[in-house]
Amino acid sequence: MFYEYDEKTNRLIIKDWGKLLIADGFDSSLFNKKHQDCPICGAVKGFRAGYIGNDSWRWVCKGCTSSKYESAYEFMCKHYGFTSATQLFKHIYQQTLSNEVAVKKALAAPKRVEENSAERIEKSLRATAFLWGKSRQVRENDPVWKYLNRRVPGLTQIPSDIHYTKAQYWETDSSDRPQHLADYDAMVLRGYSPQGQLVQMHTTYLTEDGQKAPVENVKKTRPGCGFGSYAFRIGMPRDGVLGLSEGIETALAASVLYDMTVWPCHSSSVLQNFEVPDDMKTEIRQIIIFADNDRSKIRDGVRNTGLLAANALAKRLRMQGYRVRIMMTAKVGDFNDHLNNVASVPF
Ligand SMILES: [Zn+2]
């Protein structure tokens, strides 16, 4: 079965999201990993989805996800306009899994090779630690230094948690085999789970002179790390205040503008899942969320995905007793766009 009901935790566990989507009525040809028109925003040839290797199901869209890989969970939420896990799972219970014919069809769909997920996660964690071990701190005039100084005006010091490395660039070919295409200079950051475990690695591929590398996906995180909540920890919170954002440049821009520690959380959904680290629960008193001011196209209009995620996170953190403030730029965009606008105004 592609799903399982856990009596103990009273939770539905989706073991294969690809099959769930077929049971939900999506045509499997939509998920053949070829570029095609986006079923959500309509971006022409801007959408791609399917299993990554034997790994988890992922999708990417030039419009909906700003070319970042996201999970099936996010795909369904965006497609239906759901803003919470409760809404999505209600739909899965009441619609998807109650349609017997569709579930049978999904079960009959070709089975992919299963890899033990605990083993897979373990492998991913080892690779993350290994890659970080090869990196070094940023030096003046290296590609990361050039990239960040151009992208984030006013950044006087590159935080020591941002590293430089030489990174291999891989993509899967049309028959799903991973291909090592080239080596690039790269910026790397470590993502930590709320329990303080190193679980994720962000890589931005660069050219020698600090421009974005000419590749399909300039920014990557490791797929299938097994953790839905992590933050790229840049520095430690000061005076009990921690800032949060989606993007790395957004975090750095906010830290320049407001002189505070800001942790990027990769995407709106990972940001929405943010949890205060176990060992900082008493130290941190206030959280400031630097929300992206988005206009994501959905089926019947536009949606501010960044603000929705920030609101959901704020609500949860407030219930846990934290003071939370949401900051958003007046114009569509993020705080790095804002910083660049401010910096370009002559005094
Ligand atoms: Zn789209």
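Scroll up to find the structure.
Residues numbered from 1 in each chain as written. Predicted model: local features only at pLDDT ≥ 70, side-chain atom pairs only at ≥ 80, totals over all residues. Heavy atoms only, no water.

K.L.:
Can you tell me about the coordination of the zinc ion, naming the residues and giving the values?
P.N.:
Taken together, the protein donors to the zinc ion comprise Cys-38 (SG), Cys-41 (SG), Cys-61 (SG) and Cys-64 (SG), at separations of 2.2 to 2.4 Å. Motif for the zinc ion, donor spacing along one chain: C-x2-C-x19-C-x2-C. Here Cys-38, found in the loop between helix H1 (17-23) and strand E3 (47-51), pairs with Cys-61, found in strand E4 (residues 57-61); they are 23 residues apart in sequence, far enough to count as distant. The pair Cys-38 / Cys-61 is uniform in exposure class, with both members buried. (Donors = N, O, S within 2.8 Å, 3.2 Å for Na, K, Ca; no water. Helix = DSSP H or I, 4+ residues; strand = E, 2+ residues; numbered from the N terminus. Buried < 20%, exposed > 50% of the residue type's maximum accessible area, 1.4 Å probe, protein only.)

K.L.:
Break down the nonpolar core for me, citing the residues and quoting the values.
P.N.:
Of all hydrophobic cores here, the largest spans 41 residues; its most connected members are Leu-148, Ile-162, Met-187, Leu-244 and Phe-274. The leading source of residues in this core is helix H9 (residues 305-319), at four residues. Two domains each provide a minimum of three residues to this core, namely domain 2 (116-223) and domain 3 (228-347). Listed in part, the 31 residues of the second largest apolar core include Leu-20, Trp-59, Leu-88 and Ala-109. (Core = buried A, V, L, I, M, F, W, Y, C linked by side-chain atoms within 4.5 Å. Domains from an automatic or database assignment.)

K.L.:
Can you tell me about helix H6 (residues 143-151), naming the residues and giving the values?
P.N.:
Those residues of H6 not exposed but buried are Pro-143, Val-144, Tyr-147 and Leu-148. Down the axis of H6, the smallest arc covering the buried residues is 120°, so these residues share one side. A side-chain oxygen of the first residue of H6 lies 3.1 Å from the backbone nitrogen of Val-144; this N-cap is Asp-142. (Arc of directions from axis to C-beta. Polar contact = N/O pair within 3.5 Å; in protein donor to acceptor, adjacent residues only side chain to side chain.)

K.L.:
Describe the packing of aromatic side chains, naming the residues involved and giving the relevant values.
P.N.:
Using the criterion set out here, one finds 17 aromatic pairs in the structure. An angle of 70° between the planes, with centres 5.1 Å apart, marks the rings of Phe-2 and Tyr-3 as edge-to-face. In this structure Phe-2 comes out as buried when scored by relative accessible area, which is 2%. Between Tyr-169 and Tyr-205, the ring centres sit 4.9 Å apart and the planes meet at 90°, which makes this aromatic pair edge-to-face. With Tyr-169 in strand E7 (residues 163-172) and Tyr-205 in strand E9 (residues 198-206), the pair connects residues that are 36 residues apart, well separated along the chain. By relative accessible area, which is 6% here, Tyr-205 ends up buried. By the ring-pair criterion, three or more aromatic residues cluster together here, those being Phe-26, Phe-31, Phe-47, Trp-57, Trp-59 and Phe-75. Stacked on the ring of Tyr-169, the Lys or Arg Lys-220 has its end atom at 4.3 Å from the ring centre. (Phe/Tyr/Trp six-rings, centres within 6.5 Å; stacked < 30°, edge-to-face > 60°. Lys NZ or Arg CZ within 6 Å of the ring centre and 35° of its normal.)

From the geometry alone we can't say anything about function, so treat these as descriptive.
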